[in-house]
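Remarks on the overall topology
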Amino acid sequence: MLRPDPNDPIVVTGMGAVSPLGVGVDTTWQRLLEGRSGIVRNDRFDTTDFTAHIAGLVPPKSSDPAGFDAADHIDGKEIKKMDVFIQYAIAAAAEALDQANWHPESPEDQAATATIIGSGVGGSPVMARAVETINTKGPRRLSPFTVPSFLANLAAGWLSIIHSFRGPIGTPVTACAASAQAIGDGMRLIMTGEAEVAIVGGAEGSVDPISVGGFGASRALSTSHADDPAKASRPFDKGHDGFVLSEGAAVLVIEKLSHARARGAKPLGVLAGYGTSADAYHLTAGAPDGAGAQVAMRNALTMAGLTPADIGYVNAHATSTAVGDQAEIAALSAVFAGRGQDLSISSTKSATGHLLGAAGALEAVFCVKALETGMLPPTINLEDPIEEAAHFDLVPNRPRERTIQYALSNSFGFGGVNAALVFGQPPKA
């Protein structure tokens, strides 16, 4: 197993986010700690004939000063060439790169910068509109930008082109583990010396008829609380009835500590470990004991050189489905056997909904912010915890003030893919 050098760890030097809670890491984090929800009635299309009528939508700037307007981030001539997931990735990356102050101009630095941006689905809204155009107007009316706007790897492609990143480029398309694996892939590229800096994360914009209809057909989506959407996402609560489909993007800049210090960049946290595994069990559900998830978490701890006792906080994958929440708690109970209220576990999907392939990167940002601020984000809507989880500190409804040294973030996806990341406090100056 590759392991980072403990004397020269990989650190996070920049973060950016576009989420249902708003645009920007600070806005998203503050609203998360306030217990606010980004889940609203879905007004992207007519949901009358759909089972789910709510979604976690990135707010438009027209209704929220901290909302999203593509024109703030992208030249107007280019907007029509990209689906919304690409637009979100561009905005999140700009924030992360500005914080990291990484704008390489030399050919050497450009070639040493990797771009790994995952997506679970890619541009399904464009695909849905393309089918409608073909059926109503014919294929000759399709835009020449149709295919480049929906390909999942084009978020990474656009970032590489805009910023002249000429190093390794990639796009994990591993469902809801995609952006966590993107972070892990970037970490490996740095450890092998193939890159000095990696721009990593994920983007998703699939609140569209295909995704809402498809997930609805599989009975995965929450269908309750249509009149009070903020209450719908209820991880670890006995009232959970499915996940809330959401959208957004999150991007991190990672590099070795020595590289960051040499250029005067501030480390925000350490990316200490990464583990991934396959369930080899079922297309859409993990094993009830979370066996595959256990492997991913243990591998991440091993890479980090830590034991389960070192982890103070877990940002759970928990999406608010009965099967998934219980399987993850089974896995956590096995890996963290003997732990109880001394281990804080929360699911921020209670506030953001489930960003599919972008979820892991956004939750990685939350872990770094928890380490930085000493505040653990809450699991909102937690009124009656499932019995299997009640012995842990689930950070119900309000943030918990607690200094931690290490945090673990879980991401699991259809197809049986598991990914876990470990983050630690930044090195002392």
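This report concerns the structure included in the present document. Since this is a predicted model, take the numbers as computed values, not measurements.

**Structural notes on the overall build of the protein**
Tallying secondary structure elements over the protein gives 14 helices and 15 strands in all. Against the 2.2 N^0.38 benchmark of 22 Å for 429 residues, the protein shows a C-alpha radius of gyration of 20 Å, consistent with a compact globule. Counting only C-alpha atoms and orienting by the principal axes, one finds that the protein spans roughly 60 × 55 × 40 Å. In the protein, once contacts between residues fewer than 6 apart in sequence are set aside, the share between residues at least 24 apart is 79%. Taken together, the 31 basic and 44 acidic charged side chains of the protein have centroids lying 2 Å from each other.

**What about helix α5 (residues 124-136)?**
Counted at 1.5 Å a residue, the expected span for α5 with its 13 residues is 18 Å, and the 18 Å between its end C-alpha atoms agrees. Buried residues along α5 sit in contact with α6 (146-150) and α9 (209-217). Where α5 ends, the next residue or the one after it, G138, has phi of about 100°, a positive value.

**Here's the deal with the packing of aromatic side chains**
On inspection of all chains with the given rule, the structure shows five aromatic pairs. Measuring from centroid to centroid gives 5.2 Å for F45 and F50, while their planes differ by 65°, and the two rings are edge-to-face. Residue F45 is classed as buried on the basis of its relative accessible area, which comes to 18%. Given the relative accessible area of 21%, F50 is considered partly exposed. Ring plane angle 65° and centroid distance 6.1 Å describe the contact between F215 and F414, whose orientation is recorded as edge-to-face. Within this pair, whereas F215 is found in helix α9, its partner F414 is found in the loop between β14 (406-413) and β15 (417-424), the two being separated by 199 residues in sequence. Here F215 falls in the buried class, since its relative accessible area comes to 15%.

**Looking at the environment of D228**
Relative to the helices and strands, D228 is located in the loop between α9 and β8 (248-256). Counting along the chain gives 188 residues from D228 to V40, while the straight-line C-alpha distance between them is 8.1 Å.

**With respect to helix α1 (residues 25-33)**
If you check which residues of α1 are buried, you get V25, T28, W29, R31, L32 and L33. For α1, the secondary structure elements touched by its buried residues are β1 (10-19), β2 (22-23), α3 (84-100), α13 (349-352), α14 (359-373) and β12 (375-376). Remark: G35 follows α1 within two positions and exhibits a positive phi of approximately 80°.

**Some thoughts on the pairing of strand β5 (residues 113-118)**
Buried residues dominate β5, accounting for six of its six residues. Here β5 shows two buried faces, one formed by T113, T115 and I117 and the other by A114, I116 and G118. As judged from the six bridges shared by β5 and strand β7 (residues 197-204), these two strands associate in the parallel manner. Looking at the pairing, T113 lines up with V197 of β7. Bridging between β5 and strand β6 (residues 169-170) involves two bridges; their strand directions are parallel. The residue of β6 that forms the bridge with I116 is G170.

**Some remarks on the side chain of T319**
Turning to its location among the elements, T319 is positioned in the loop between β10 (313-315) and α12 (322-335). Given the relative accessible area of 9%, T319 is considered buried. T319 has contacts with S233, G242, F243, D325, K349 and H354, leaving out every residue within four places of it along the chain.

Conventions we followed
Residues numbered from 1 in each chain as written. Predicted model: local features only at pLDDT ≥ 70, side-chain atom pairs only at ≥ 80, totals over all residues. Heavy atoms only, no water. Helix = DSSP H or I, 4+ residues; strand = E, 2+ residues; numbered from the N terminus. Rg over C-alpha atoms; globule rule 2.2 N^0.38 Å. Contact = heavy atoms within 4.5 Å. Lys, Arg positive; Asp, Glu negative; His and termini not counted. Charge placed at Lys NZ, Arg CZ, Asp CG, Glu CD. Expected span 1.5 Å × (residues − 1). Phe/Tyr/Trp six-rings, centres within 6.5 Å; stacked < 30°, edge-to-face > 60°. Buried < 20%, exposed > 50% of the residue type's maximum accessible area, 1.4 Å probe, protein only. Pairing = 2+ DSSP bridges.

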